[in-house]
Amino acid sequence: MIELKVPDIGDFKDVEVIEVLVKPGDTVAADQSLITIESDKASMEIPSSTAGVIKEIKVKVGDKINQGTLIATAEGGDAKAPAPAAAVPSEATPAPEVAVASAGPTPVAPVGGRGGSIEVAVPDIGDFKDVEIIEVLVKVGDTVAADQSLLTIESDKASMEIPSSAAGVVKELKVKVGDKVNKGSPIATLEGQGAAPAPQAASAPSPESAPKAAVAPADVPAAVSAPASAPALAPPAIVAATTDQTIPHASPSVRKFARELGVDLNRVKGSGAKDRITQEDVQAFVKAALAGGGATTAASPGTMATSSGFGAGWPAWPSLDFAKFGATETVALSRIKKISGPNLARNWASIPHVTQFDEADITELEDFRKSANEAYAKKKDPAKVTMLAFVMKACVSALKQFPAVNSSLDGDGANLILKKYYHLGFAADTPNGLVVPVIRDVDQKGVAEIAKETAELAAQARAGKLGPAAMQGASFTISSLGGVGGTFFTPIINAPEVAILGLSKSDFKPKWDGKTFEPRLILPLSLSYDHRVIDGAQAARFTTYLAEVLSDMRRVLL
Ligand code: COA
């Protein structure tokens, strides 16, 4: 029996469990996330230290956990803990892959005490390396309070806000969204008004930190609100108390959720203690907007959403007591569906989709694929080439011919951003819903390599182990239902991409060769495209060209 415990999570104390991601009987992989925990300024997933079958879950949503808290017992593990990126406290404790800001704001090279320039840098963020900035929360000219959040950074399994080490006016910002930061990366230069409270190492609160404790919101657990022990988790309410700027009070995960839905948190009313915005508040806001009662700022770059927001003016969602008509059962949507559903709805409602159907004669290509796989099998080589991998390669050729299909609209919809890279997403069916892993630089890879990577990414997706980075950056997406069945379908564009190709099951059809009907293997193609960017003739030329390439892959070489 293995005990799966909370690893070293830096200064986090009594952090709330907001999600339990596994249940008894589940087979978990080493490194698979077991629970999500969250404080005011950071959220993270806690991974399993080893592979095994979960026997008993020892925590529930709402519990407060600390380093060493027993999460679950498991058996049958292969004892293969994830490569520890830092000290592993005990055998059964997972590597602190998601260790979070262990230090509070650290003033870097403060000049002149209460005046002069202060360089603010990223504090000790534990094992995080090259973490991406997803939000810059201040701009030049802003007055920031010591400890006010300057940035939100996000890795595969955690997101957190980086606080300012000092109060002052932002003179220069040294980072932008998309930059990767590490401990010590410069963030900004402030015209100083005073240094931040001493970092957590200090045993007693400094005079500056005292007022912080005084205004700590009631909902923050004592251990977390104590500035001397956990400044990184300082309650954001301080910010509102010390500056004119009102920053919506919401955890990083709620911010992320809102961002994915295109919701401006400034417009959402928080129902939590001290007006903290919860995920339910964001959901309610979107629901109201969809029902016509509200206005989101959902205009994603290049979508048709108007300033009045998507869904505004729609009739209210029908609310029915289905039990009146027969027996029912209520089943919660999976996490993936909860996140992807509103995105799909936004994309479907705000992009003018047209779907072009076509057929590709893949008779020779399928013969070649089969013979290639037979040759691999004879050599006892586990490689296997798939039709999807050939189609990806053919798509690159077509995307090069029709660059607009490999583009995105910019923020105001006035320009096309033509991508010179060919990162192809593919929809993968998982027990929890659809995810879209991305194969990077398909133009530079061989078909066997693409097939191998597709299989590996799909397997990771099905095991729930795919990080956000593996699902980002696609310039075009393919949704293949070829292994399932059906003829044609109308896939929804994965914004901000402008087209998606659906593949259905290939089948033999009689084709007239001028003298007689020949049985030919036909692959149905369904290209949904954004009609603002691609016109009908261009789409038909794209699928025609793609079908030609698939009927004779030598064209890829032209
Ligand atoms: N026509 C006929 N057969 C096909 C085919 C096609 N277009 N595409 C695949 N197949 C066959 C394969 O050859 C394989 O048969 P084999 O085992 O005899 O070789 C079988 O169907 C299963 O293929 P699959 O496992 O689906 O592999 P893949 O490489 O084609 O696809 C994924 C990989 C990840 C895309 C796929 O497994 C998946 O998840 N598809 C669902 C995507 C989805 O839900 N899209 C809907 C979005 S709205």
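The rules behind each value
- Residues numbered from 1 in each chain as written.
- Predicted model: local features only at pLDDT ≥ 70, side-chain atom pairs only at ≥ 80, totals over all residues.
- Heavy atoms only, no water.
- Helix = DSSP H or I, 4+ residues; strand = E, 2+ residues; numbered from the N terminus.
- Buried < 20%, exposed > 50% of the residue type's maximum accessible area, 1.4 Å probe, protein only.
- Contact = heavy atoms within 4.5 Å.
- Areas by Shrake-Rupley, 256 points an atom, 1.4 Å probe, with all protein chains shown as cover.
- Core = buried A, V, L, I, M, F, W, Y, C linked by side-chain atoms within 4.5 Å.
- Patch = residues over 30% accessible without salt bridge, like charges linked within 9 Å, V, L, I, M, F, W, Y side chains within 5 Å.
- Salt bridge = Lys/Arg side-chain N within 4 Å of Asp/Glu carboxyl O.
- Expected span 1.5 Å × (residues − 1).
- Axes fitted to C-alpha atoms, helices over the stretch in contact; angles between N-to-C directions.
- Parallel < 35°, antiparallel > 145°, perpendicular 65-115°, else oblique.
- Left-handed = near helix turned anticlockwise from the far one by under 90°.
- Phe/Tyr/Trp six-rings, centres within 6.5 Å; stacked < 30°, edge-to-face > 60°.
- Lys NZ or Arg CZ within 6 Å of the ring centre and 35° of its normal.
- Near = heavy atom within 4 Å.
- Polar contact = N/O pair within 3.5 Å; in protein donor to acceptor, adjacent residues only side chain to side chain.
- Nonpolar A, V, L, I, M, F, W, Y, C, P; charged D, E, K, R; others polar.
- 1 Å grid on protein atoms, 1.4 Å probe; cavity = no way out; pocket = protein on both sides within 12 Å on 5 of 7 lines; lining within 4 Å.
- Points joined across faces, edges and corners; volume = space filled by probe spheres on them.
- Pairing = 2+ DSSP bridges.
- Arc of directions from axis to C-beta.
- pLDDT = per-residue confidence, 0-100.

**Q** Can you lay out the overall build of the protein for me, pointing to particular residues and giving the numbers?
**A** Helices and strands together make up the secondary structure of the protein, namely ten helices and 28 strands. Looking at the protein as a whole, 46% of its 558 residues are labelled buried. Taking all contacts inside the protein whose residues are at least 6 apart in sequence as the whole, residues at least 24 apart take part in 63%. Of the roughly 25800 Å² that the protein leaves accessible, carbon and sulfur atoms contribute 56%.

**Q** An account of the nonpolar core is needed here, citing residue identities and associated values.
**A** Among the nonpolar cores identified, the biggest contains 55 residues, and Leu424, Phe476, Ile478, Leu501 and Leu550 are the most heavily contacted of them. Tallying contributions element by element places helix H8 (residues 387-401) first for this core, with eleven residues. Residues contacting Leu501, with those up to four places away along its chain left out, are Val391, Cys395, Phe476, Thr477, Ile478, Ser479, Pro491, Leu525, Ser526, Leu527 and Leu546. With 42 residues, the next largest nonpolar core counts Val28, Ile46, Val144 and Ala166 among its residues.

**Q** So what's going on with a nonpolar patch on the surface? Residues and values would help.
**A** A contiguous nonpolar surface patch, about 370 Å² in accessible area, is contributed by Leu320, Phe322 and Phe325. Looking at the secondary structure, you find Phe322 in the loop between helix H5 (279-290) and helix H6 (335-350). Given a relative accessible area of 52%, Phe322 falls into the exposed group.

**Q** Could you give an account of H6, naming the residues involved and the relevant values?
**A** Over its 16 residues, H6 extends 23 Å from the first C-alpha to the last, a length consistent with the 22 Å expected when each residue adds 1.5 Å. Inspection of H6 places Asn343, Arg346, Asn347 and Ser350 among the buried residues, and these make up the whole buried set.

**Q** Tell me what's going on with the packing of H8 against helix H9 (residues 447-462), and back it up with residues and numbers.
**A** Running from amino to carboxyl end, H8 crosses H9 at an angle of 120°, the nearest separation of the two axes being 8 Å. When the interaxial angle is binned, H8 and H9 end up oblique. Considering how the two elements wind past one another, H8 and H9 form a crossing that is right-handed. Seen from H8, the contacting residues are Leu388, Ala389, Phe390, Met392 and Lys393; seen from H9, they are Val447, Ile450, Ala451 and Thr454.

**Q** Tell me what's going on with the packing of aromatic side chains, and back it up with residues and numbers.
**A** Under the defined criterion, the tally for this structure stands at six aromatic pairs. Here Phe476 and Phe542 contribute two aromatic rings whose centre-to-centre distance is 6.0 Å and whose plane-to-plane angle is 50°, an arrangement assigned as tilted. In this pair, Phe476 sits in strand S25 (residues 476-480) while Phe542 sits in helix H10 (residues 536-551), placing the two residues 66 residues apart along the sequence. Ring-pair connections join several aromatic residues into one group, and the members of that group are Phe402, Phe476, Phe542 and Tyr545. Directly above the ring of Tyr422 sits Lys400, whose terminal nitrogen or CZ lies 5.4 Å from the centroid.

**Q** So what about the site of the ligand? Which residues, and what values?
**A** The immediate surroundings of the ligand are formed by 20 residues, with Asp429, Arg462, Ser479, Ser504 and Ser506 found nearest. Between an oxygen atom of the ligand and a side-chain N or O atom of Lys384, the distance comes to 3.1 Å. One of the backbone nitrogen or oxygen atoms of Gly482 is found 3.4 Å away from a nitrogen atom of the ligand. Considered on its own, the ligand offers 950 Å² of accessible surface; in the complex 67% of this is hidden by protein. Tallied by class, the residues present in the shell around the ligand amount to eight nonpolar, seven polar and five charged.

**Q** Let's hear about the layout of surface pockets: which residues, and what values?
**A** Estimated volume of the second largest pocket: approximately 800 Å³. Around the second largest pocket, the lining comprises 23 residues; the ones closest to its centre are Val286, Lys287, Leu290, Trp317 and Pro342. Those elements that place two or more of their residues in the lining of the second largest pocket are helix H4 (252-261), H5 and H6. By residue number, the principal contributor to the lining of the second largest pocket is H6, which donates seven residues. Grouping the amino acids of the lining of the second largest pocket by side-chain chemistry returns 17 nonpolar, three polar and three charged.

**Q** For the pattern of salt bridges, give the residues involved together with the corresponding values.
**A** One pass over the full model with this rule turns up 17 salt bridges. Notably, a salt bridge pairs Asp26 with Lys23, separated by 3.1 Å at the nearest N-O pair. Asp26 sits in the buried class, given a relative accessible area of 19%. Judged by relative accessible area, Lys23 falls into the exposed class, the value being 51%.

**Q** Describe the sheet that holds strand S16 (residues 180-181), with residues and values.
**A** Pairing is antiparallel in the open sheet, where eight strands are placed in the order S7-S2-S4-S5-S14-S13-S11-S16. The sheet terminates laterally at strand S7 (64-65) and S16, the two strands that pair on one side only. Pairing analysis gives two bridges linking strand S11 (residues 131-136) to S16, with the strands arranged antiparallel. In the strand pairing of S16, Val131 is matched with Val181.

**Q** Give a detailed account of the sheet that holds strand S6 (residues 52-57), specifying residues and quantitative values.
**A** With antiparallel pairing, the four strands of this open sheet are ordered in space as S1-S8-S6-S3. Edge positions in the sheet fall to strand S1 (2-5) and strand S3 (27-28), since each has one partner strand and no second. Where S6 meets strand S8 (residues 70-75), four bridges bridge the pair, whose relative direction is antiparallel. Residue Ile57 lies in a different strand from S8, and its bridge partner there is Ala72.

**Q** Outline H5, listing residues and values.
**A** In this model H5 runs 16 Å from its N-terminal to its C-terminal C-alpha over twelve residues, within 8% of the 16 Å that 1.5 Å per residue would give. Within H5, burial applies to Asp281, Val282, Phe285, Val286 and Ala289. Here the buried residues of H5 occupy an arc of 135° about the axis, which is enough to place them on one side. Exposed residues on H5 whose side chains face more than 90 degrees from its buried face are Glu280 and Lys287.

**Q** Before we move on, can you summarise unusual backbone geometry with the specific residues and values?
**A** If a residue is not glycine, its phi is most likely negative; likewise, a peptide bond is most likely trans. In this chain, Ala495 is followed by Pro496 through a cis amide linkage whose omega measures 10°. Assignment of secondary structure puts Pro496 in the loop between S25 and strand S26 (499-503). Notably, Asp441 is not glycine yet its phi reads approximately 50°, a positive angle. Turning to its location among the elements, Asp441 is positioned in the loop between strand S24 (438-439) and H9.

**Q** Lay out the confidence of the model for the protein in plain terms, naming residues and giving numbers.
**A** Across the protein, pLDDT averages 78, with 76% of residues at or above 70. Of the regions scoring below 50 in pLDDT, residues 293-310 engages in 47 contacts with residues more than four places distant in sequence or in other chains.

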